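# Per-entry structural report
Listed here are the chains, written in short residue letters.
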Amino acid sequence: MDCKNSFSDKILVEEQQSDNGTDLVPSQLETRKDYFMEKNGEKFAGLHLIIDCVGCKNLQSLDIIEACLRKAVVAANATLLHIHLHHFTPNGGISGVAVLAESHITVHSWPEHGYCALDVFM
């Protein structure tokens, strides 16, 4: 599969009107690039982390998992839209997502193994 980076420095211009209904000139329009980060000269839609955690405790606690997701959102300086968690039985594992304006953080826990996996994209 060819996954060539196709992000560019092209500026996207959003159409807007002024308060009095007239069209704004380009210098007055909000502009944004069509990528969100640049590192070592490469442009990316965002940063994607896959995190494996071993030797964890309290992985069956909805309150603790939710608090950790909220702390991660704050640490990432992200915008939280919604958190949804599901508690599995009988082992007590939890799967959930923090939906962000910037993208998401997901968590899946296996308390019987002291393991959880996180997927962070923003």
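Cut-off values and rules
Residues numbered from 1 in each chain as written. Predicted model: local features only at pLDDT ≥ 70, side-chain atom pairs only at ≥ 80, totals over all residues. Heavy atoms only, no water. Helix = DSSP H or I, 4+ residues; strand = E, 2+ residues; numbered from the N terminus. pLDDT = per-residue confidence, 0-100. Contact = heavy atoms within 4.5 Å. Pairing = 2+ DSSP bridges. Axes fitted to C-alpha atoms, helices over the stretch in contact; angles between N-to-C directions.

## Let's talk about unusual backbone geometry
Following Thr89, the chain continues to Pro90 via a peptide bond in cis, the omega torsion being 10 degrees. Along the chain, Pro90 turns up in the loop between strand S6 (80–87) and strand S7 (94–100). Positive phi outside glycine occurs at Asn58, with the angle close to 60 degrees. Counting through the fold element by element, Asn58 comes out in the loop between strand S5 (48–54) and helix H1 (62–75). Even without a glycine there, the phi angle at Asn77 is positive, about 55 degrees. Following the sequence through the fold, Asn77 ends up in the loop between H1 and S6.

## Description of the confidence of the model for the protein chain
Summing up the model confidence of the protein chain, the mean pLDDT is 80 and the portion of residues at 70 or higher is 70%. Contacts from residues 7–16, a stretch scored under 50 in pLDDT, to residues over four places away or in other chains number 30 contacts.

## Re the sheet that holds strand S8 (residues 104–110)
Whether parallel or antiparallel, the strands of a sheet pair through hydrogen bonds between backbone atoms. The strand order across the open sheet built from five strands is S5-S9-S8-S7-S6, with neighbouring strands paired in antiparallel fashion. Strands at the two margins of the open sheet, each flanked by one partner only, are S5 and S6. On average, each strand axis in the sheet is inclined to that of its neighbour by 10 degrees, with strand direction left out of account. In this structure, S5 lies alongside strand S9 (residues 115–121), joined through seven bridges in antiparallel fashion. From the neighbouring strand, Asp52 faces S9, where its bridge partner is Ala117. Sheet strands touched by H1: S6, S7 and S8. Its angle to S6, the strand with the most contacts, is close to 155 degrees.

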